[in-house]
Structure formats: structure tokens, C-alpha cells
Amino acid sequence: MSDTEQVLVLVKPDGVRRGLVGQVIARAEARGFAIQRLELRQATPQLLAQHYAEHAAKPFYPSLVEYMTSGPVVALVLEGAQVIVSFRAMAGATDPVKAAPGTIRGDFGRDWGTGEIQNIVHASDSPQSAAREIAIWFPAG
Ligand code: UDP
Ligand code: MG
């Protein structure tokens, strides 16, 4: 279908550590999105420099890299019409303190008092960033 799109989702190290991989996948499946790729990976600072290039100069970047390398992540490619906007809505606001109940971040996240924002999932925010991020995480296509 021509309006099918893909999104890169990461279950971040806090999500993996807390045993929330299944709940994230269950929500994606319950919404009717198809899993195209699924892999447990250890992110490196080099890979994150590409993935989070837009944030490289921000003050929170060093703590973000420390957080994102603190354990394995689960990288997923989900597919379906409007999956980018749909999954961003399911993830909720970046800060779990502000994320609405019913969203992944609003149901499973909180402020842990650690400085960086631990929020369980990443999701691409536009078709352009989805294409860029999928190529970074799954370069073989
Ligand atoms: N982040 C952080 N402190 C901030 C802003 C962001 O630790 O002040 C982290 C947080 O984990 C967030 C990620 O950096 O998910 C990327 O930030 P972005 O603004 O792109 O949020 P997202 O797209 O993940 O909602
Ligand atoms: Mg972002």
C-alpha cells in the first residue's frame, strides 16, 4: 500500500532492564502494526552520535549517552499507515512526568532523580527521521 510507512522504535535500556519489552511490543501489536525488524543490541557512543546527531551539542547529551549505553536496547521497525504519528502518540510526551496516563511513558515512566530523562522508548518523529534512523540501526536494509 502506498501510504504504508515505517518507524524506528527503541526500547531503551531502562525499558529492557525493567522487563517492559513485552508490554511495548504488545501495545504495538494490539494497535495492529506489523513488526518488520526486531533485535537486541548494545548501543555504542559512535552509533548514538549518529542516532542523536540533533542533540550532540545539548547539555544533556553526555548523560543521554551514558543512559543509552547502560545496557542493551531492543530495536524495532514497525510498519503500517500513519505508524509514525500513531506510535509517537502511544509513547507520550518526552518527560514521563508530563506524559498522559495511557501512554507508554505515562504508564511506566517517572522521574528517577538521575538528571537525564529515562522514558522507556524512542520513536522516530517524522518520515525523514524514520528513514535516517532505520538506515543507522539496520544498515543492511
Ligand atoms: N533528554 C534528556 N533531557 C532533556 C531532553 C531529552 O535526557 O532535557 C533525553 C530523553 O531520553 C529523550 C532524548 O533525550 O527521549 C531525546 O530527546 P527528544 O527531545 O528528541 O525527545 P523524544 O523525541 O525522545 O521524545
Ligand atoms: Mg526525538
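Before going into details, it helps to say that this report is about the structure given with it.

Parameters at a glance
- Residues numbered from 1 in each chain as written.
- Chains lettered and ligands numbered in written order.
- Predicted model: local features only at pLDDT ≥ 70, side-chain atom pairs only at ≥ 80, totals over all residues.
- Heavy atoms only, no water.
- Helix = DSSP H or I, 4+ residues; strand = E, 2+ residues; numbered from the N terminus.
- Buried < 20%, exposed > 50% of the residue type's maximum accessible area, 1.4 Å probe, protein only.
- Contact = heavy atoms within 4.5 Å.
- Pairing = 2+ DSSP bridges.
- Axes fitted to C-alpha atoms, helices over the stretch in contact; angles between N-to-C directions.
- Core = buried A, V, L, I, M, F, W, Y, C linked by side-chain atoms within 4.5 Å.
- Near = heavy atom within 4 Å.
- Polar contact = N/O pair within 3.5 Å; in protein donor to acceptor, adjacent residues only side chain to side chain.
- Areas by Shrake-Rupley, 256 points an atom, 1.4 Å probe, with all protein chains shown as cover.
- Nonpolar A, V, L, I, M, F, W, Y, C, P; charged D, E, K, R; others polar.
- Arc of directions from axis to C-beta.

What to know about the environment of Phe87
No. 1: In this fold, Phe87 is placed in helix H5 (residues 83–91).
No. 2: The exposure class assigned to Phe87 is buried, which follows from its relative accessible area of 0%.
No. 3: Sequence-wise, Phe87 and Thr103 are 16 residues apart; in three dimensions their C-alpha atoms are separated by 9.7 Å.
No. 4: When sequence neighbours within four positions are dropped, the list of residues in contact with Phe87 reads Val9, Val24, Ala28, Leu78, Ile104 and Ala123.

Examining the sheet that holds strand S2 (residues 34–41)
No. 1: The strand order across the open sheet formed by 4 strands is S2-S3-S1-S4, and the pairing between neighbours is antiparallel. At either end of the open sheet lies a strand with only one pairing partner, and these are S2 and strand S4 (121–123). Mean inter-strand twist for the sheet, computed between neighbouring axes without regard to direction, equals 20°.
No. 2: For strand S1 (residues 4–11) and S4, the ladder comprises 3 bridges, and the chain directions are antiparallel. Considered in S4, the bridge of Leu10 is made with His122.
No. 3: Along the sheet face, helix H7 (residues 127–137) touches S1, S2, strand S3 (73–81) and S4 and points at about 60° away from the line of S1.

Overview of the nonpolar core
Soluble globular proteins tend to bury their nonpolar side chains together.
No. 1: In this structure, Val9, Val24, Leu76, Leu78, Phe87, Ile104 and Ile120 are the most contacted members of the largest nonpolar core, which totals 23 residues.
No. 2: Mapped by element, the contributors of at least two residues to this core are S1, helix H2 (21–30), S3, H5, helix H6 (104–108) and S4.
No. 3: Among the elements that line this core, the one with the most residues is H5, at 5 residues.
No. 4: Core analysis: the second largest hydrophobic core is formed by 18 residues, Leu47, Tyr61, Val65 and Met68 among them.

Some details on the site of ligand 1
No. 1: As a matter of local geometry, ligand 1 sits amid Lys12, Tyr52, His55, Phe60, Leu64, Tyr67, Arg88, Thr94, Arg105, Glu116, Ile117 and Asn119.
No. 2: The separation between an oxygen atom of ligand 1 and a polar side-chain atom of His55 is 2.8 Å.
No. 3: In this structure, an oxygen atom belonging to ligand 1 sits 3.2 Å away from a side-chain N or O atom of Arg105.
No. 4: Contact with the protein chains covers 81% of the free accessible surface of ligand 1, which is 500 Å².
No. 5: Classifying every residue of the shell around ligand 1 gives 5 nonpolar, 3 polar and 4 charged.

A short note on H5
No. 1: Those residues of H5 not exposed but buried are Val83, Ile84, Ser86, Phe87, Met90 and Ala91. The buried residues of H5 occupy an angular sector of 165° when the element is viewed end-on, so they sit on one face. Seen from the buried face of H5, the exposed residues on the opposite side, beyond 90 degrees, are Val85 and Ala89.
No. 2: Close packing links the buried residues of H5 with S1, H2, S3, H6, S4 and H7.

With respect to unusual backbone geometry
No. 1: Phi at Gln82 is positive, roughly 60°, even though this residue is not glycine.
No. 2: Examined against the element boundaries, Gln82 turns out to sit in the loop between S3 and H5.
No. 3: In this structure, Ile120 is a non-glycine residue whose phi angle is positive, near 75°.
No. 4: Within the secondary structure, Ile120 sits in the loop between H6 and S4.
No. 5: Exposure remark for Ile120: the relative accessible area of 0% places this residue in the buried category.

Take it as geometry only, folks, not as evidence of what the structure does.
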